[in-house]
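Fold and geometry: a report
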Amino acid sequence: MIMCRRATELMSQRLDRRLSWPERASLRFHLAMCGACSQCSRQFELLHRVASRFDPERDDEHDH
């Protein structure tokens with residue numbers, strides 16, 4: 001089983017690229033066993049969704 005540090009790295013990387021099958025399997029297994037990392041994963045995903053909705057150019061239009 002991977003350790004929490006590696007799980008956190010994979011959680012971050014999967015937001016930017018497709019993980020390999022062994023990486024996905026290792027991460028899924030770890031998340032099933034580790035409540036803290038499961039919560040961290042949900043927070044990463046939420047932050048990623050929120051950040052992807054942020055459009056600096058759109059906000060600049062409202063400042064003028």
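Residues numbered from 1 in each chain as written. Predicted model: local features only at pLDDT ≥ 70, side-chain atom pairs only at ≥ 80, totals over all residues. Heavy atoms only, no water.

By the naming in an unreviewed UniProt entry, the protein is Zf-HC2 domain-containing protein, taken from Billgrantia bachuensis.

Across its full length, the protein holds four helices and zero strands. Ordered by position from N to C terminus, the α and β elements of the protein give α-α-α-α. Here the protein holds 64 residues, and the buried ones make up 20% of them. For the protein, the exposed surface amounts to about 5,200 Å²; the carbon and sulfur share of it is 55%. (Helix = DSSP H or I, 4+ residues; strand = E, 2+ residues; numbered from the N terminus. Buried < 20%, exposed > 50% of the residue type's maximum accessible area, 1.4 Å probe, protein only. Areas by Shrake-Rupley, 256 points an atom, 1.4 Å probe, with all protein chains shown as cover.)

Every α-helical turn comprises 3.6 residues, leaving residues that sit three or four positions apart pointing alike. For helix α2 (residues 21-33), built from 13 residues, the straight-helix expectation of 18 Å at 1.5 Å per residue is met to within 8% by its first-to-last C-alpha distance of 19 Å. The complete set of buried residues in α2 reads Glu 23, Leu 27, His 30 and Leu 31. Taken down its axis, α2 places every buried residue within 100° of arc, on the same side. Looking at α2, the residues exposed on the side facing more than 90 degrees away from the buried face are Trp 21, Arg 28, Ala 32 and Met 33. Looking at the buried residues of α2, the elements they touch are α1 (4-13) and α3 (35-53). (Expected span 1.5 Å × (residues − 1). Arc of directions from axis to C-beta. Contact = heavy atoms within 4.5 Å.)

In this structure, Ile 2, Ala 7, Leu 10, Met 11, Leu 19, Leu 27, Leu 31, Cys 34 and Cys 37 together form the largest nonpolar core, which totals nine residues. Residue assignment for this core shows that the elements contributing at least two residues are α1 and α2. Looking at which element gives the most residues to this core, the answer is α1, with three residues. In this view, Ile 2 contacts Ala 7, Leu 10, Ser 26, Leu 27 and His 30; residues no more than four positions away in its chain are not counted. (Core = buried A, V, L, I, M, F, W, Y, C linked by side-chain atoms within 4.5 Å.)

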